[in-house]
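Survey of secondary and tertiary structure
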Protein chains: 2
Amino acid sequence: MLKASICTIGDEILIGQIVDTNKSYISSALNSTGVKVIYHHSIGDDEETIEEVINNSLKTSDIVIVTGGLGPTKDDITKKVLAKISESKLMIYDNTQLEIIEGICKKRGIELSLLNRDQSLVPENCTVLPNRHGTAPGMMFRIGEKLLFSLPGVPYEMQYLMDEVINIVSLLKNCETIIHRSVNTYGIPESELAVKISDWEDNLPSGFKLAYLPNPAKGVKLRLSIYNGEERDNLNGLNLQLKQLKELLGISLYGEEEDTLESVVSKALSERKETLSLAESCTGGNISRMLVSIPGSSSILKGGVVAYDNSAKTDILGVDKSIIEEYGAVSKECVIAMVNGAKRLFDSDWSIATSGIAGPEGGAPGKPVGTIWVAVSGPDILITQKYLFSGDRERNIIRFSSSAIDLLRRTMRVELNI
Amino acid sequence: MLKASICTIGDEILIGQIVDTNKSYISSALNSTGVKVIYHHSIGDDEETIEEVINNSLKTSDIVIVTGGLGPTKDDITKKVLAKISESKLMIYDNTQLEIIEGICKKRGIELSLLNRDQSLVPENCTVLPNRHGTAPGMMFRIGEKLLFSLPGVPYEMQYLMDEVINIVSLLKNCETIIHRSVNTYGIPESELAVKISDWEDNLPSGFKLAYLPNPAKGVKLRLSIYNGEERDNLNGLNLQLKQLKELLGISLYGEEEDTLESVVSKALSERKETLSLAESCTGGNISRMLVSIPGSSSILKGGVVAYDNSAKTDILGVDKSIIEEYGAVSKECVIAMVNGAKRLFDSDWSIATSGIAGPEGGAPGKPVGTIWVAVSGPDILITQKYLFSGDRERNIIRFSSSAIDLLRRTMRVELNI
């Protein structure tokens, strides 16, 4: 099987100023092409270290992908190292990339600076992968029998060029079958899940590998993998095991692979030709934002009110002032009034309302930070549920939102067909 | 200076199923303690590789921090490797962690399983760092003169334990001064910025290092660093250079260090005791969500309407149907009517309205995907602006939202004091 290493370059990664998402994207792309990623490395903008890590990676891996160090500005030394490793004596202008750069400058209404122009300079021994979404070209080098790719660090540009990298890699021999299948659960803790499926897990045939991947927005993902053997046998075996697993999971099971709570709920609403509206207090627009991420959401989401202030709850959603005075804004009574208000206002089939305390301030006796009330109203049903989480503000907002969407899912009885 | 390597463990990282945020968090924490992070590595759940990478890291670094491989489930082999490296012959139960585990199970209302109980098992040669936010304990090993830390992979738990790690590391000698200072700009492309400040950059004294860090939500961050020398001299030199830099940036400059567009706007509103409301179409709640991330946002954000459907624009925000018929929902006229509607509805000092086409569908001649109209209305001003971006749906939503907040900032004249 072909092996790959990924190396991202940039001081900003090592001092922790940014979260590097490129490695994850590249890994996923290589993996689905049947290439096994064995190492991720990140290093600073230091010539010696870059050279050392690329050379070491070329020893253990058939494919090495480097990102970063190719911006228009002066913190870049990667090309120099690439020239050395590929034994290129000259740097030459690549005309295709130069034309792209000229076009970009023209479109943005800025003059072609020397800085921009020199981005089309590449070591002579490279094959250029033209970058039509930015100024820095991708480069491919043949180092002995190995392939070394250099891509820009801007995620959007890197992703564009990865399509071309995958095209090239797919032509290579030795791409073996790697199969991963995932099922996604929400509302059950990892350890409880482990106990629930332990008999099944203990009896998995050899060669199978199970992983638990918890995430506050998505719940616990269970990933079953096989790395070798014949494709058809594997697929049959996997499907059989998955079927058994799914049967154990019940209503906690909401989807497979890249499914999210918001995507399965959106899909169900769309299929049923039903609409949704939102009345968000503590989740502050996050439920809306999660749903809007899904292309085509305009056909199911009529809209929402972020009723952050109590006056918005009363004036826009029509919550009776006496309810807030008597029970408080974080109460069953208030979310019922909010959900009814949203449903009336937007004339939707379904509505969700949330009211809670994300923190760090705002907790009260009996209503600590992390408390949320959720109401879900449908064509002939109204359900409320209280949850208590213990996280910081950001984590609480995320779990509040996912729990609310999950309550809608459970109320709508959106289940995965087994 | 003390050097550190960070190693995160998990197949889910290498196959690209998750984005690993732990390395960034740990790097940032170490860096501000004066420890230089020289390598990030990620590897799979494979005993041999884990052992090899930890041993190599102990050769190049004074401090090695490992995360992951400590969950309650059966994909974990890290402890075995740690026992080998620390020459521990026995695994022993740690009573403090066991009590915490019992408490967590009790609180969640689940029985203490063997799986949970065994999480308190640690190699005998380790110092336990009790994890009060989860079941897996942190561990510290002294390997010769080096320190090896093992932390759980769940970000929330890792972050809790990193406080203790930093306490310990701070006690060590050799923590040298590393100074980074950042200034944040929005609305000016990286290459244009580079041209604008090139004279200043070319004249930076030796020892200074400048980096450009572009981000679709935050604009371009400029980071100026010094890694050595006397603290006071460095600080004076840095401040002098920063002052010169800031003067060159003008209104594009919106903040320093961790400032975001939403944080500086929230702060300004709060200081002026003014309030904000939102009428979001294409941004779908994202502007609201960005503002709500900031603790205390309830005092400035009165609320918002996600007017995703045209009926919400007319029925709730009071946009005249004839405006949508004549000019379309993505128009100057429509965002003006939306912003007026929001301001009236929420009785706020300021309002933002957005209407655009995030894609992938919905483009039209003259109004391609990526078009957005933004209106900002204040006590005695109303401004509209059209923007055109070329990204995918997610990227467009992010840039739409940040541009809208930036327009509010520019209209409010929120500038950084130099």
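Worth saying up front: this structure is predicted, and the values here are computed from it rather than measured.

Here we look at the overall build of chain A
Looking only at helices and strands, one finds 16 helices and 17 strands in chain A. In terms of principal-axis extent, the alpha carbons of chain A reach across some 80 × 60 × 40 Å. Across the 418 residues in chain A, those meeting the buried criterion constitute 59%. Counting only contacts in chain A whose residues sit at least 6 apart along the sequence, the fraction spanning at least 24 positions is 68%. Looking at chain A as shown, the accessible area adds up to about 17300 Å², and 48% of this sits on carbon and sulfur atoms. Averaging the positions of the 44 positive and the 55 negative side-chain charges in chain A gives two centres separated by 3 Å.

As for the pattern of salt bridges
According to the stated counting rule, one finds 20 salt bridges over all chains in the structure shown. Between E51 of chain A and K84 of chain A there is a salt bridge; the shortest N-O distance is 3.1 Å. In this pair, E51 of chain A sits in helix α3 (residues 47-60) while K84 of chain A sits in helix α4 (residues 78-85), placing the two residues 33 residues apart along the sequence. The salt bridge partner of E256 of chain B is K246 of chain B, with a shortest N-O separation of 2.7 Å. One end of the pair, E256 of chain B, is in strand β12 (residues 253-256); the other, K246 of chain B, is in helix α10 (residues 231-249), and 10 residues separate them in sequence. For K246 of chain B, a relative accessible area of 11% corresponds to the buried category. In the salt-bridge network here, residues are joined through shared partners; they are D406, R409 and R410 of chain A.

Considering the interface of chain B and chain A
Often, the extent of an interface is quoted as the loss of accessible area on bringing the components together. With 92 residues of chain B at the contact, the number on the chain A side is 92 residues. At the junction of chain B with chain A, the criterion picks out four salt bridges. At the boundary of chain B with chain A, the tally comes to 39 residue pairs in polar contact (both at pLDDT 80 or more). Broken down by element, the residue count for the side of chain B that touches chain A peaks at seven residues, all from strand β2 (residues 36-43) of chain B. Within the side of chain B that touches chain A, the residues separate by chemical class into 37 nonpolar, 31 polar and 24 charged. The pairing of strand β14 (residues 301-306) of chain A with strand β14 (residues 301-306) of chain B spans three bridges and is classified as antiparallel. When the sheet's bridge partners are listed, G304 of chain A is paired in β14 of chain B with V306 of chain B.

Digging into the nonpolar core
Core analysis: the largest hydrophobic core is formed by 68 residues, its most contacted members being L276 and I352 of chain A together with L276 and I352 of chain B. Residues V335 of chain A together with A307, L317 and A337 of chain B belong to the second largest nonpolar core, which totals 42 residues.

With respect to the sheet that holds strand β1 (residues 3-9) of chain A
Strand order in the open sheet made by the 12 strands is β6(A)-β7(A)-β8(A)-β3(A)-β1(A)-β2(A)-β2(B)-β1(B)-β3(B)-β8(B)-β7(B)-β6(B), with mixed pairing throughout. Two strands lie at the open edges of the sheet, namely β6 (127-129) of chain A together with β6 (127-129) of chain B, each paired on one side alone. Pairs of neighbouring strands in the sheet enclose a mean axial angle of 20°, with direction left out of account. Sheet topology places β6 of chain B next to strand β7 (residues 138-143) of chain B; three bridges connect them, and they run antiparallel. Paired with V128 of chain B across the bridge in β7 of chain B is M139 of chain B. Sitting on the sheet, α3 of chain A is in contact with β1, β2 (36-43), β3 (63-67), β7 (138-143) and β8 (146-151) of chain A together with β2 of chain B, with an inclination near 170° to β2 of chain A.

What to know about the domain arrangement of chain A
Residue and element names in this part refer to chain A. Domain annotation of chain A identifies domain 1 (3-171), domain 2 (179-256) and domain 3 (262-412). A separation of 31 Å is found between the C-alpha centroids of domain 2 and domain 3. Taken together, the contacts link eight residues of domain 2 with nine residues of domain 3. Summed over both sides, the interface between domain 2 and domain 3 buries roughly 770 Å², with carbon and sulfur atoms accounting for 56% of that surface. Contact with domain 3 buries area across many residues of domain 2, yet Y186, P216 and I251 alone supply 65% of it, more than any other trio. Applying the counting criterion to the domain 2 and domain 3 interface returns four residue pairs in polar contact (both at pLDDT 80 or more). Taken together, the residues that form the side of domain 2 that touches domain 3 break down as six nonpolar, two polar and no charged.

Comments concerning the pairing of strand β15 (residues 350-356) of chain A
Residue and element names in this part refer to chain A. With seven of its seven residues buried, β15 lies for the most part within the structure. Residues of β15 alternate between two faces, with W350, I352, T354 and G356 on one and S351, A353 and S355 on the opposite face, all of them buried. By the bridge criterion, five bridges tie strand β13 (residues 276-280) to β15 in an arrangement that is parallel. Following the sheet pairing, E280 is matched in β15 by T354. Strand direction decides the pairing type here: β15 and strand β16 (residues 371-378), joined by six bridges, are antiparallel. Across the sheet, the residue bridging to S351 is S377, located in β16.

Some points on unusual backbone geometry
In this structure, the amide linkage connecting G359 of chain A to the following residue, P360 of chain A, adopts the cis form with an omega of -5°. Take P360 of chain A: it is sitting in the loop between β15 and β16. Located in the positive-phi region is D347 of chain A, a residue other than glycine, with phi close to 50°. The phi torsion at E87 of chain B lies on the positive side, around 55°, for a residue other than glycine. Among the structural elements, E87 of chain B can be located in the loop between α4 (78-85) and β4 (91-93).

As for the environment of S288 of chain A
Tracing the chain through its elements places S288 of chain A in helix α12 (residues 286-292). Judged by its relative accessible area of 1%, S288 of chain A is buried. Linking S288 of chain A and G16 of chain A, residues 272 residues apart in sequence, is a C-alpha distance of 30 Å. Setting aside anything within four residues of it in sequence, one finds S288 of chain A in contact with L278, E280 and L301 of chain A together with G284, G285 and V306 of chain B.

As for the side chain of T371 of chain B
Residue and element names in this part refer to chain B. With respect to the element layout, T371 can be found in strand β16 (residues 371-378). A distance of 2.6 Å separates the side chain of T371 from the backbone oxygen of P368, its partner in a polar contact. In this structure T371 touches V330, G356, I357, K386, Y387, L388 and F400, once residues within four positions along its chain are discounted.

Considerations on the sheet that holds strand β11 (residues 219-226) of chain B
As a general point, the strands of a sheet are linked pairwise by backbone hydrogen bonds and lie either parallel or antiparallel. Residues and elements named next belong to chain B. Spatially, β10-β11-β9-β12 is the arrangement adopted by the four strands of the open sheet, whose pairing is antiparallel. Strand pairing shows two members of the sheet lacking a second neighbour, β10 (209-215) and β12, which therefore form its edges. Sheet twist, expressed as the mean angle between neighbouring strand axes with direction ignored, is 25°. Here strand β9 (residues 179-185) runs beside β11; their pairing, made up of seven bridges, is antiparallel. In the sheet register, S182 faces β11, and the bridge partner there is R223.

Structural notes on α4 of chain B
Residue and element names in this part refer to chain B. Of all eight residues in α4, six are buried; the element is thus mostly enclosed. When α4 is considered as a whole, its buried residues turn out to be T78, K79, V81, L82, A83 and I85. Contacts made by the buried residues of α4 are with β1 (3-9), α3 (47-60), β4, β5 (121-123), β7 and β8 (146-151). Immediately beyond the C-terminal end of α4, within one or two residues, lies E87, with a positive phi of roughly 55°.

Conventions used here
Residues numbered from 1 in each chain as written. Chains lettered and ligands numbered in written order. Predicted model: local features only at pLDDT ≥ 70, side-chain atom pairs only at ≥ 80, totals over all residues. Heavy atoms only, no water. Helix = DSSP H or I, 4+ residues; strand = E, 2+ residues; numbered from the N terminus. Buried < 20%, exposed > 50% of the residue type's maximum accessible area, 1.4 Å probe, protein only. Contact = heavy atoms within 4.5 Å. Areas by Shrake-Rupley, 256 points an atom, 1.4 Å probe, with all protein chains shown as cover. Lys, Arg positive; Asp, Glu negative; His and termini not counted. Charge placed at Lys NZ, Arg CZ, Asp CG, Glu CD. Salt bridge = Lys/Arg side-chain N within 4 Å of Asp/Glu carboxyl O. Polar contact = N/O pair within 3.5 Å; in protein donor to acceptor, adjacent residues only side chain to side chain. Nonpolar A, V, L, I, M, F, W, Y, C, P; charged D, E, K, R; others polar. Pairing = 2+ DSSP bridges. Core = buried A, V, L, I, M, F, W, Y, C linked by side-chain atoms within 4.5 Å. Axes fitted to C-alpha atoms, helices over the stretch in contact; angles between N-to-C directions. Domains from an automatic or database assignment. Buried area = accessible area lost by both parts, 1.4 Å probe.

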